[in-house]
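Single-letter residue listing:
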Amino acid sequence: MNHDLIAFESSIERLIDAGEFDSALAALRALVEAVIHDPAATGSVLRSPTLDAICQRIGAISLDYVRSEKLCPPPAEPQAEVIILATELHNVGGHSRVVEDIIRALPDKRVLILLTDFFCSDYAFGLDRFTALGIEVRRPERGQYVEHLAWTQMQLACHPDAQVMLFNHHADVAAIAAIQPGLNREVLFCHHGDHHLCLGASLNWTRHVDLFAAHCVDCRANGLAAEFWPLSVDDPGARPHDAQHFLANAQLLSCSSGHDAKFLSPYPFHYWDILPQLLKTSGGSHVHIGSLTEDMLAAIHQGLAAEGLAPTRFVHIPWVDNVGETLKQLGVDLYIGSFPIGGSRACIEAMAAGIPIITHRHMLYPILGSDGAVGDSLIWSWSTPEELLSLVAQATPAALAQQAQHGRDCYLRYNASGSFRAAVRGEQRFEPDARHQRPPGDPLASYLLRSQIRQENTAEVFALLDAIGNQDSTSDTSPLARARALIEAGHLAEANEALMQALELAPEDPQILFELGRLAFLGKMPEEGYNILQQTAQAHPAILPAIEQLAQTLLSAGDTQNGRLLLSLLPTATRAQPSTSAEALARGRSLIEAGHLGEANEALMQALELAPEDPQILFELGRLAFLGKMPEEGYNILQQTAQAHPSILPAILQLGQDMVSAGDMESGRLILSLLRDATNAQRPSGTPADGLARIRGLSDAEWLRVLCDSPKFLDYHGFILPGFPDEQFQINTMGSSNEQAMQEAGLFYRAVLPYVNRMRPLATRTLLDFGTGWGRFPRTFVKIFEPHNIHGIDVDQAMVDVCRNSFSFGHFSRCEPFPPTHIENEQFDLITAYSVFSHLSEDAANGWIKEFARILRPGGLVAFTTQGRDFIDQCAYYRQQSTLSHPWHINLAASFTDAEACRAAYDRGEFLFAATGGGDARPSSFYGEALIPLGYMLKHWNAYFDVLSFIDDRNIMPQAFTILRRK
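Residues numbered from 1 in each chain as written. Predicted model: local features only at pLDDT ≥ 70, side-chain atom pairs only at ≥ 80, totals over all residues. Heavy atoms only, no water.

In the annotation of an unreviewed UniProt entry, the chain is listed under the name Methyltransferase domain-containing protein and assigned to Uliginosibacterium sediminicola.

1. Focus: the overall build of the chain
Scanning the chain from N- to C-terminus turns up 42 helices and 24 strands. Burial statistics for the chain: of 967 residues in total, 55% are counted as buried. In the chain, the proportion of contacts linking residues at least 24 apart, taken out of those at least 6 apart, comes to 68%. Roughly 40,700 Å² of accessible area belongs to the chain as shown, and the carbon and sulfur atoms make up 51% of that amount. (Helix = DSSP H or I, 4+ residues; strand = E, 2+ residues; numbered from the N terminus. Buried < 20%, exposed > 50% of the residue type's maximum accessible area, 1.4 Å probe, protein only. Contact = heavy atoms within 4.5 Å. Areas by Shrake-Rupley, 256 points an atom, 1.4 Å probe, with all protein chains shown as cover.)

2. Side note on the nonpolar core
In this structure, Ile84, Ile102, Ile113, Met165, Phe167, Trp229 and Tyr335 are the most contacted members of the largest nonpolar core, which totals 58 residues. Take this core: its biggest share by element is six residues, from helix α13 (residues 344–352). Among residues more than four places away in sequence, those in contact with Phe167 are Ile84, Leu85, Ala86, Thr87, His95, Val98, Val99, Ile102, Cys190 and His192. (Core = buried A, V, L, I, M, F, W, Y, C linked by side-chain atoms within 4.5 Å.)

3. What about the packing of helix α1 (residues 5–17) against helix α3 (residues 49–68)?
Close contact between α1 and α3 brings their axes to 11 Å; oriented N to C, the two are set at 5°. It follows that α1 is roughly parallel to α3 by the angle criterion. Touching Leu5, Phe8, Glu9, Ile12, Glu13, Ile16 and Asp17 of α1 are Thr50, Leu51, Ile54, Arg57, Ile58 and Ile61, all from α3. A class-by-class count of the residues in the contact of α1 with α3 yields eight nonpolar, one polar and four charged. (Axes fitted to C-alpha atoms, helices over the stretch in contact; angles between N-to-C directions. Parallel < 35°, antiparallel > 145°, perpendicular 65-115°, else oblique. Nonpolar A, V, L, I, M, F, W, Y, C, P; charged D, E, K, R; others polar.)

4. Describing the pattern of salt bridges
Oppositely charged side chains may form a pair once their charged atoms are brought near each other. Taken as a whole, this structure holds 37 salt bridges when the rule is applied. Arg47 is paired through a salt bridge with Asp218; the nearest N and O atoms lie 3.0 Å apart. Taken as a pair, Arg47 in the loop between α2 (21–36) and α3 and Asp218 in helix α8 (residues 213–221) lie far apart in primary sequence, 171 residues in all. Note on accessibility: Arg47 and Asp218 belong to one class, buried. Put simply, Glu13, Asp17 and Arg57 are held in one network by salt bridges that share partners. (Salt bridge = Lys/Arg side-chain N within 4 Å of Asp/Glu carboxyl O.)

5. A short note on the environment of Phe626
Along the chain, Phe626 falls in helix α28 (residues 615–627). You can call Phe626 buried: its relative accessible area is 2%. Through-space distance from the C-alpha of Phe626 to that of Asp664 is 10.0 Å; in sequence the pair is 38 residues apart. Look past the residues within four positions of Phe626 in its chain and what remains in contact with it is Pro631, Gly634, Tyr635, Leu638, Met659, Ser667, Leu670 and Ile671.

6. Some thoughts on the packing of aromatic side chains
Remark: the centre distance and the inter-plane angle together describe each pair of aromatic rings, the angle taken between the planes. All chains considered together, the criterion is met by 34 aromatic pairs. Aromatic pair Phe118 and Phe119: ring centres 5.3 Å apart, planes at 75°, arrangement edge-to-face. With a centroid separation of 5.4 Å and 70° between ring planes, the pair formed by Tyr749 and Phe781 is classed as edge-to-face. Taken together, the residues span a long stretch of sequence, with Tyr749 in helix α36 (residues 738–756) and Phe781 in the loop between β16 (767–770) and β17 (790–794) at a distance of 32 residues. One exposure class covers both Tyr749 and Phe781, and it is buried. Between Arg239 and the ring centre of Phe246, over which it is positioned, the NZ or CZ distance is 4.3 Å. Across from the ring centre of Phe724, 4.6 Å away, lies the NZ or CZ of Arg779, which sits over that ring. (Phe/Tyr/Trp six-rings, centres within 6.5 Å; stacked < 30°, edge-to-face > 60°. Lys NZ or Arg CZ within 6 Å of the ring centre and 35° of its normal.)

7. Some words on helix α35 (residues 727–734)
One side-chain oxygen of the residue at the start of α35 lies 2.9 Å from the amide nitrogen of Gln728, identifying that residue as Asp726. Following α35 by one or two positions, Gly735 has its phi on the positive side, about 85°. (Polar contact = N/O pair within 3.5 Å; in protein donor to acceptor, adjacent residues only side chain to side chain.)

8. Quick word on the packing of helix α19 (residues 479–488) against helix α20 (residues 492–505)
Where α19 meets α20, the axes come as close as 8 Å, and the angle between the chain directions of the two elements is 160°. Relative to α20, the element α19 is oriented roughly antiparallel. Here α19 runs over α20; the crossing is left-handed. From α19, Pro479, Leu480, Arg482, Ala483, Leu486 and Ile487 reach across to α20, where they touch Leu492, Glu494, Ala495, Ala498, Leu499, Gln501, Ala502 and Leu505. Partitioning the contact of α19 with α20 into residue classes produces eleven nonpolar, one polar and two charged. (Left-handed = near helix turned anticlockwise from the far one by under 90°.)

9. Considering unusual backbone geometry
Residue Pro340 follows Phe339 across a cis peptide bond; omega there is 0°. Tracing the backbone shows Pro340 in the loop between β11 (334–336) and α13. That bond from Pro819 to Pro820 is cis: its omega, 10°, falls within 30 degrees of zero. Examined against the element boundaries, Pro820 turns out to sit in the loop between β18 (811–814) and β19 (828–833). Phi is positive for Glu826, close to 50°, though the residue is something other than glycine. Structurally, the position occupied by Glu826 is in the loop between β18 and β19.

10. Let's talk about the confidence of the model for the chain
In the predicted model, the chain carries a mean pLDDT of 83, and the fraction of residues at 70 or more is 89%. Averaged pLDDT values for the elements of the chain fall to 49 in helix α32 (residues 675–678) and rise to 97 in β16. Throughout residues 676–685 the model reports pLDDT below 50, and contacts reaching past four residues in sequence, or to other chains, amount to 15 contacts. (pLDDT = per-residue confidence, 0-100.)

11. Notes on the sheet that holds strand β24 (residues 960–966)
In spatial order, the strands read β18-β17-β16-β19-β20-β24-β23; together these seven strands make up an open sheet with mixed pairing. Each end of this open sheet is capped by a strand with a single partner; those strands are β18 and β23 (945–951). Strand-to-strand, the axes of this sheet are offset by a mean angle of 15°, without reference to chain direction. Two elements, strand β20 (residues 856–866) and β24, share six bridges in a ladder whose sense is antiparallel. Its bridge partner being in β24, Leu861 is matched across the sheet by Arg965. Lying on the sheet, α36 is in contact with β19, β20, β23 and β24; it crosses β20 at an angle near 160°. (Pairing = 2+ DSSP bridges.)

12. Looking at the sheet that holds strand β4 (residues 163–167)
Pairing within the open sheet is parallel, and its seven strands lie in the order β3-β2-β1-β4-β5-β6-β7. Two strands lie at the open edges of the sheet, namely β3 (136–138) and β7 (227–228), each paired on one side alone. One ladder, built from five bridges, connects strand β1 (residues 82–86) with strand β2 (residues 111–115); its direction is parallel. Bridge assignment links Val82 to a residue of β2, and that residue is Val111. Where helix α6 (residues 145–157) meets the sheet, it contacts β1, β2, β3 and β4, and its direction lies at approximately 170° from that of β2.

Okay, structure coming up:
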């Protein structure tokens with residue numbers, strides 16, 4: 001199938017013709033969600049007439065069915081005058097506030113709220129705030145998509161004279177299908193999902209309402225008769241805004257607000273880069289209100305340090321109830337709107353409070369900037385960083401007082417609560433300011449940015465349609481087989497429909513009943529799933545192995561509660577109760593050895609009921625938890641048992657050694673760390689997750705101190721730190737060991753850190769350490785990479801073995817001296833290589849650079865070192881010594897013997913290599929001493945990489961340091 005809209009529409013039409021309405025609704029939802037999660041679509045793909053037309057066709061068919069089957073109840077008495085139709089309402093959030101404002105603007109109207117609950121989400125519905133206003137809120141029983149659609153239409157049909165105000169989620173297909181011409185007196189589409197593709201945004205038979213001027217202009221430019229209802233906030237009263245009340249102590253206090261998503265969208269520049277420059281320009285301090293990721297906070301502090309600014313000049317406040325009130329309380333002099341995604345309500349709250357603001361004009365899509373919320377051209381705005389810094393430099397008390405007055409006037413004219421009320425009630429018509437007419441811009445700029453950030457999220461949608469539409473007679477197309485495929489693909493609603501069809505054909509089939517139970521657990525309905533599987537197990541004991549496998553799957557995925565709930569089904573169906581604790585313990589041990597962990601758990605719990613303090617039973621429960629992939633629970637059980645019963649320590653030692661021998665280094669080291677309690681060594685308590693969280697809360701200096709001290713202990717607050725090989729082994733491979741070796745690793749880590757902080761979020765970024773040796777460098781990156789996303793390769797199998805034995809995390813493997821590797825394309829965000837290119841021949845270096853370009857993601861980085869120019873002088877120094885004993889020093893003395901010619905070649909940008917070899921795994925065919933000047937990189941690697949940084953300064957690092965970025 002072609003991945004285009006024509007093909008998608010054709011597939012949906014086939015599903016509709018076949019009566020597969022739930023599948024059609026699911027595919028529509030999936031496509032919209034795929035688009036809105038693609039950064040390249042933000043601000044550019046806002047509506048789709050094709051998708052809206054499909055929704056309307058499905059809704060028309062549904063309404064015909066509802067009417068023909070006489071499912072519509074008679075009109076309600078009294079009739080609701082206004083129906084607010086939403087997907088869901090939360091206790092916090094912008095559109096819930098707007099709904100509340102509308103209700104307050106219509107005190108004389110009978111208002112009813114209908115929620116489609118289309119996603120059946122687990123989020124808390126914010127119903128109390130609306131019922132407190134005397135508003136009835138209705139939502140359907142959770143079921144299939146078509147059931148939510150039919151319920152919504154039946155509710156709407158009860159109130160034919162009502163005005164319907166639509167506040168649907170972007171992908172709520174049921175809401176857009178439910179509304180139909182003539183079903184109700186009037187429908188208003190309230191366009192609040194204005195940064196992304198939103199279903200319903202192109203329907204021209206509804207009254208289209210926009211809450212921000214720039215969005216209204218954009219919708220009108222696309223042929224919609226959009227109305228402008230200026231978003232309002234309550235008037236908090238303005239702070240004094242004459243000149244004497246600004247710049248207390250002659251220092252500017254600036255502020256921004258917004259959660260991290262406002263700042264993380266791809267853009268030519270970033271908040272964390274500009275903020276240090278802003279503070280350097282202002283000479284003051286800055287407050288941020290709203291949640292930011294740890295990476296963003298680290299990048300901000302790194303930038304402050306780079307500018308020589310004290311960290312106390314940046315203050316982070318994760319959440320406040322009202323931005324405007326907080327700005328007044330803090331005495332903020334200047335509010336700077338979020339970018340690249342503007343926070344419009346916060347800007348309005350700041351203007352209402354009499355705080356001067358600076359809005360951002362988005363460089364590519366005007367509707368995304370905070371400038372779109374402001375209706376006064378006199379208010380400061382900026383597009384480039386230079387413009388922002390220039391405005392900050394102009395922020396004198398007199399200028400700030402003038403801007404405060406402009407903002408307050410703008411608020412009173414457009415955004416005071418009376419204005420919004422007048423618009424809602426139709427008492428006044430507002431027009432967006434002329435400044436919001438879309439500028440011509442440069443389409444190429446938008447295209448180039450989108451081409452860098454495009455994510456092929458839609459491929460899975462078309463794959464699902466292919467699977468649903470595949471009618472190959474040679475394949476298993478039974479409802480059960482189709483349901484299983486849909487479950488694996490994560491499309492649970494469609495899977496439920498297929499299973500119900502299968503159940504109609506074979507009501508007693510245990511496989512179908514099992515899949516229904518499994519589906520209930522996956523759909524977060526454990527009680528229903530338990531009841532189904534319990535009845536199925538009683539009637540069909542042969543299904544027990546499948547239930548046990550499902551339990552183990554849930555346990556492995558971290559769903560301990562439901563995994564154990566399922567395990568409880570197994571013994572009750574097959575086993576008699578033991579008479580003594582010893583009998584139950586013996587049975588538990590035999591079941592563990594046989595691999596029947598679910599039954600073993602039941603037996604041990606029975607033993608524990610008979611002998612609650614028996615250390616042998618407690619030990620076996622701890623062992624069982626580790627075998628069941630629940631290390632934190634196992635650790636806690638064994639820790640408490642060891643403290644109460646020291647006699648159990650030999651068994652714990654043996655278990656730890658067994659885990660290590662089986663290759664489970666993480667569990668083995670965690671278990672062995674318990675033994676330190678027996679010798680009264682001071683080890684902070686905690687779990688691996690606790691320890692990792694604490695590590696990420698450390699400053700860089702504190703983290704490096706932990707690494708330098710790590711040869712002395714096994715873990716940090718429960719997180720198992722990598723071990724160290726024999727000290728002499730370390731010295732032989734790099735000339736230093738333990739603390740000294742980690743200090744050098746810390747220099748490299750600190751040099752790379754500012755570049756990593758600009759990468760994508762911590763949870764998804766990946767690292768490869770090339771030439772990893774015994775692993776001193778990858779361990780430093782645990783603070784800024786997830787442990788399971790750290791990889792290392794080396795030509796020496798002995799080094800790989802050391803890493804595998806020393807690390808409880810990561811992935812280490814051997815590579816050949818020359819590429820290619822086994823690694824798939826575009827797997828990594830960062831490749832590090834300390835003192836590796838210092839030793840590679842020209843052919844090897846060029847080969848690996850080409851390979852790095854293949855396995856790095858676009859925009860990924862290579863951070864590496866090579867010998868600097870003064871290495872030529874270092875070699876000359878060793879030639880002048882009368883006696884040399886170290887093999888490496890002897891090799892250096894024989895390298896680059898014509899120092900003057902070598903310096904000249906280096907300055908011409910030539911690759912210098914002396915083939916010395918470095919042992920059996922590193923023959924001289926590719927290994928020696930190498931110098932790679934900047935000129936060489938620019939000339940020979942330009943096809944693959946840009947050079948971001950080249951530093952050849954021994955005061956910073958012993959070797960020349962380079963950062964490359966993949967093109």
